[in-house]
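Letter by letter, the chains look like this.
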Amino acid sequence: MFRHHHHHENLSSDWYYRFGQMEVRNRLYFVRKHGLSVWRCYLGLCIRFGQTLVEVAVKRQPVLLSRARGNLAGLWKSLFMSNPDE
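Residues numbered from 1 in each chain as written. Predicted model: local features only at pLDDT ≥ 70, side-chain atom pairs only at ≥ 80, totals over all residues. Heavy atoms only, no water.

K.L.:
I tried to follow the overall build of the chain on my own but got confused; where do I start?
P.N.:
When its secondary structure is counted, the chain shows three helices and zero strands. Burial status across the chain gives 29% buried among its 86 residues. Counted over contacts in the chain with a minimum sequence separation of 6, partners at least 24 positions apart contribute 51%. Carbon and sulfur atoms form 60% of the exposed surface of the chain, whose accessible area is close to 6,500 Å². (Helix = DSSP H or I, 4+ residues; strand = E, 2+ residues; numbered from the N terminus. Buried < 20%, exposed > 50% of the residue type's maximum accessible area, 1.4 Å probe, protein only. Contact = heavy atoms within 4.5 Å. Areas by Shrake-Rupley, 256 points an atom, 1.4 Å probe, with all protein chains shown as cover.)

Next comes the structure, spelled out in structure tokens:
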């Protein structure tokens, strides 16, 4: 028998913010490394951002707003900074 433990329920909003940034950075790294479509990756990241906002509303988990903020920060850095890993 398997049990799924929701350990993430006790994580801080700062952790979710950093996770949101890391999520964007890692996905873009993978896409660029393997020569995949960058614009499709951005489209997927925007869809994922929207899913997070839906989770905030439906599941009433306001801490996930930090993840969404982290996603936006990661997207901003990837688009407008010369070295987004700083």
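After that view, the rundown keeps rolling.
K.L.:
Would you explain the nonpolar core in this entry?
P.N.:
Within soluble globular proteins, side chains that are nonpolar generally end up buried alongside one another. Counting seven residues, the largest nonpolar core is built from V24, L28, V31, C41, Y42, L45 and L75. Contact partners of V31, with chain neighbours within four places excluded, come to L36, S37, V38 and C41. (Core = buried A, V, L, I, M, F, W, Y, C linked by side-chain atoms within 4.5 Å.)

K.L.:
Quick question: what am I supposed to make of the environment of W76 here?
P.N.:
When you line up the elements, W76 lands in helix α3 (residues 64-80). In this structure W76 comes out as exposed when scored by relative accessible area, which is 54%.

K.L.:
What is the right way to read a nonpolar patch on the surface from this model?
P.N.:
A surface patch of nonpolar side chains, amounting to about 340 Å² of accessible area, comprises Y29, F30 and L36. Of note, L36 is situated in the loop between α1 (13-33) and α2 (38-59). Taking relative accessible area as the criterion, L36 reaches 44% and is therefore assigned partly exposed. (Patch = residues over 30% accessible without salt bridge, like charges linked within 9 Å, V, L, I, M, F, W, Y side chains within 5 Å. Salt bridge = Lys/Arg side-chain N within 4 Å of Asp/Glu carboxyl O.)

K.L.:
Is there a simple way to explain the packing of α1 against α3 in this structure?
P.N.:
When two helices pack together, their arrangement is given by the angle between the helix axes and the distance between those axes. Relative to each other, α1 and α3 sit at 40°, their axes nearing to 7 Å. When the axis of α1 is compared with that of α3, the two are oblique. Of the two possible hands of crossing, α1 and α3 adopt the one that is right-handed. For the pair α1 and α3, the contacting residues are S13, Y16, Y17, F19, G20, Q21, E23, V24, L28 and R32 in the first and L64, S66, R67, R69, G70, N71, A73, G74, L75, K77 and S78 in the second. Residue composition of the contact of α1 with α3, grouped by class: eight nonpolar, eight polar and five charged. (Axes fitted to C-alpha atoms, helices over the stretch in contact; angles between N-to-C directions. Parallel < 35°, antiparallel > 145°, perpendicular 65-115°, else oblique. Left-handed = near helix turned anticlockwise from the far one by under 90°. Nonpolar A, V, L, I, M, F, W, Y, C, P; charged D, E, K, R; others polar.)

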